[in-house]
Each structure stands twice: as C-alpha cells, then as structure tokens.
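What follows is each chain in one-letter form.
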Amino acid sequence: MIRRPPRSTLFPYTTLFRSKKDDDSDEILKRVGNFIVKTDDLTKGTIDISICKNLASNLDQSGSVTSLEFHPNAQVVMVANSKRNIFLRQVDGTKNLIIQKVLINDFPISCARFTTDGDQFIVSSYRYQHFYTYDMISGKMDKVQCDRKLSKFNLEKFHLSPDGRLMVISGKDGYIHVLSAKTKEFLYSNKMNSTVRGVAFSPDATRMYTHSDEGEVYIWDVRQKECLHKFYDEGCIHGTAIALARSEQYLATGSDTGVVNIYDTSSLLSSPTPSPLKIFLNLTTAITDLKFNSSSEILAMASAEKPAAFRLIHCSSMSAFKNVPDPKCKMGCASSLDFSLNSGFMAVGAKNGYANLFRLNYYGNY
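The structure presented is a predicted model; accordingly, all values stated were derived computationally and were not measured.

## Considering the sheet that holds strand β21 (residues 239-244)
Taken in spatial order, the 4 strands line up as β21-β22-β23-β24 in an open sheet, and their pairing is antiparallel. The sheet terminates laterally at β21 and β24 (278-280), the two strands that pair on one side only. If you compare each strand with its neighbour and ignore which way they point, the axes differ by 20° on average. By the bridge criterion, 5 bridges tie strand β22 (residues 250-255) to strand β23 (residues 260-264) in an arrangement that is antiparallel. Bridge pairing links G254 to V260 in β23.

Next comes the structure, spelled out in structure tokens:
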C-alpha cells in the first residue's frame, strides 16, 4: 500500500521559496537559475560554513537516512529513510518546511533519486527486484518490475545519467545493466571482472566510470557500449566509491580502508597504473560516499561506519578544511550527502536519523 497526502498538499512543482532574509518568506513562482555568486577565490584552511535547521526535525528520527538529494532545478531537498518514508522539504535554511510526504508500505528504501528533468523521483530497495517511480505533478506512483532478461542484480543503489537517458544497476559477477531511464526497458549490459561498487558519469554522459570490488576502475564509452580503458586504483584492495568532478578535471576513488585517491583525468587513459595527484588518509573506515560540488572546488568524503567520519577537501590545494566536521554538530554516521544546485547548501544524512543542513556562505543563495 502506498500512502500520499491529499492532492491539495502535493508538491507545487513550479513554486520555489526564498528565505525570510531574502523575501520575507514569500512564495515565488520561478525556477532556480544557474548562477553562483562569489567574491574571491575559495581559500584553503577553513571554510565559512553555518549549521542550519536539521532537515529531519519534526520527523520520526528512529529510521536511518538512507538517501538524500537536492532537486535538480528547484529549491527542494528529498530525504528518504529506512522507515519507508520520503520527505520533500523547502530549502531556506531556517524553516525548511515539509512540502510533501510519501510512504511506501513494506518497502525499506535504500536509494531515491530525482529524474534529470525533476518531474519524478525513483525509489529502490535492497530487498526487492522492483522499484517505484513517483510523478510529482500528478501524484501518481507506478511499480516497475525489472526485466526478466537481467541476471541477478542488486537494487540497493542505482545511478542515472546526467542527460536523463540511462539508468544503471549492478548485476551479479561484475555485470552492469543499463536501462532506459524513461521507459525502464533493458537496453544492454557491460561486464567488469568483479562486483561493481561505484558508478560515475561524465557531465555529457558520453563516458561512464565504474569502480570494482577488486580495486579496478573501468572507463566506458557509453555510445559505443565498450570499455575504453581500465586501471588499478593505487593502493586499493577493495573499491567502494567513485566520483567525477563536473569540470572533468578530477576523478576521486574510495576504498574499504578509508583511503581516497584523487586523479587528474587527463592522465588516466595513458597508463594501467596512473599515480594519484593526492592520497587522503583522513578517514580510517570504508568510504561510502564521494561527491564534488557544482564548481569542482570541493570534494566531500564520508564513511557510514564511524561517527563524524566526514571531510571536505579544498581541491585546488588538495588539502582538508580544518573546521569540518564541526564538533557542535550531531553528525552521526554519514550515510548520504549532496550539494545544492549552486553549492549554497550541503546536506548530510546519518544513520541516527539526522539530516544535517549546512550553508556554504561562499556561494550564492542556492
């Protein structure tokens, strides 16, 4: 059974909100523009960051935050937890009002993502071989059974290409299954030598990077559906995460020992054993999440296996910001993280049910 609020309370898709400071909390009918307001270059050492109201406030915090993501073009964030709840909240840093709540009975959520156009979100569970799509305009929820052509697969996580065309899920024995993001029909499969642990796309979705359980990184030509190159992630025995900067200058990889490597992407195709630009040893447990911000100036890294195992990296200097995490913040074990469209906000969900929201004051309002 799927429960959702009355039609009158459904997410007003074209309605965004400003903070009280900007517009006295008046609702405005517009989309968020692609602008970033900055004064000087982002400096290393410490970052100007403020703790905002917890995104899980007034909610049942008994469930772990399993997935968290900002809307691709609206001032809204989605928070999903292990208690089968999905919340959409206005992002203003002060009230963070709940816009919509969706409950999917008997479906422990492990991954939730907005579609690229922002009209829908997709929800999956490690327990089942089906997932749900939710249309935020019509309020309609559809169950999608995965194609029988697929070998055994894991829906604990899935990945959507930036151009909105593809949906990627991991299969057994190193298979990578590619579906149409629109029709959810099976298209084709690629294969690695071991289990896929992380997937990242280039901004134009022409290349896909995958990290394996045996520490290999594969670079795929999405159009040709073939592997261009593969290399060994230096010092990695078991890969756990991967992220590509929007500028495509940096590729970050994470391992089960907490090591994070950052590579110059221009050097990857020329060697089976490229050397990282920098090796980070700040964390000591398995890296579960890596994310570059929109301007490729910051890399966030986290491990869900230890409280406060979260760091922000200043990319141009390849150094960690000294004031993150803030000891005053109830960080918990970081299970999911994301940056808003123009990096004005950062959110970090945790196993303790908290979903911390931070204001990165160097950037524009959203």
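## Side note on the pattern of salt bridges
Under the criterion given, the structure shown has 6 salt bridges. Between R127 and D106 there is a salt bridge whose closest N-O contact spans 3.6 Å. Within this pair, whereas R127 is found in the loop between β10 (120-124) and β11 (130-135), its partner D106 is found in the loop between β8 (98-104) and β9 (111-114), the two being separated by 21 residues in sequence. Given the relative accessible area of 47%, R127 is considered partly exposed. The salt bridge partner of D213 is R197, with a shortest N-O separation of 3.4 Å. Linking D213 in the loop between β18 (207-212) and β19 (216-221) with R197 in strand β17 (residues 196-201), this pair joins segments that are 16 residues apart in sequence.

## Considering the side chain of N96
Take N96: it is sitting in the loop between β7 (85-90) and β8. Of note is the side chain of N96, whose polar atom sits 2.9 Å from the backbone nitrogen of G93. Non-local contacts of N96, meaning those with residues more than four positions away in its chain, are made with K53, L55, R89, Q90, V91 and L357.

## Focus on the nonpolar core
Counting residues in each nonpolar core, the largest one holds 20 residues, and the members touching the most others are I298, F310, L312, M346 and V348. Contributions of two or more residues to this core are made by β26 (298-302), β27 (310-314), β29 (334-339), β30 (345-350) and β31 (355-360). In this structure, V76, F107, A112 and Y132 belong to the second largest nonpolar core, which totals 19 residues.

## Some thoughts on the environment of N293
Looking at where N293 falls in the secondary structure, it is placed in the loop between β25 (289-292) and β26. A sequence separation of 52 residues divides N293 from F345, and the C-alpha atoms of the two residues are 9.9 Å apart. Here N293 is in contact with I298, F339, S343 and Y363, once residues within four sequence places are set aside.

## A word on unusual backbone geometry
Looking along the chain, the bond that leaves V324 and enters P325 is cis, with omega of 5°. As for its placement among the helices and strands, P325 is situated in the loop between β28 (319-320) and β29. At K184, a residue that is not glycine, the phi angle is positive and equals roughly 70°. Here K184 is to be found in the loop between β15 (175-180) and β16 (186-191). Positive phi, close to 60°, is recorded for A205, a residue that is not glycine.

## Remarks on the environment of Q90
Relative to the elements of secondary structure, Q90 occurs in strand β7. A relative accessible area of 4% places Q90 in the buried class. Polar contacts involving the side chain of Q90 include one to the side chain of D92, which spans 3.0 Å.

## Details of the side chain of H314
Residue position: H314 is located in strand β27. A polar contact is formed between the side chain of H314 and the side chain of S316, at a distance of 3.4 Å. Polar contacts involving the side chain of H314 include one to the side chain of S317, which spans 2.6 Å. With residues up to four places along the chain from it excluded, the contact list for H314 reads L42, T43, K44, E297, S319 and F321.

Rules behind the numbers
- Residues numbered from 1 in each chain as written.
- Predicted model: local features only at pLDDT ≥ 70, side-chain atom pairs only at ≥ 80, totals over all residues.
- Heavy atoms only, no water.
- Pairing = 2+ DSSP bridges.
- Helix = DSSP H or I, 4+ residues; strand = E, 2+ residues; numbered from the N terminus.
- Axes fitted to C-alpha atoms, helices over the stretch in contact; angles between N-to-C directions.
- Salt bridge = Lys/Arg side-chain N within 4 Å of Asp/Glu carboxyl O.
- Buried < 20%, exposed > 50% of the residue type's maximum accessible area, 1.4 Å probe, protein only.
- Polar contact = N/O pair within 3.5 Å; in protein donor to acceptor, adjacent residues only side chain to side chain.
- Contact = heavy atoms within 4.5 Å.
- Core = buried A, V, L, I, M, F, W, Y, C linked by side-chain atoms within 4.5 Å.

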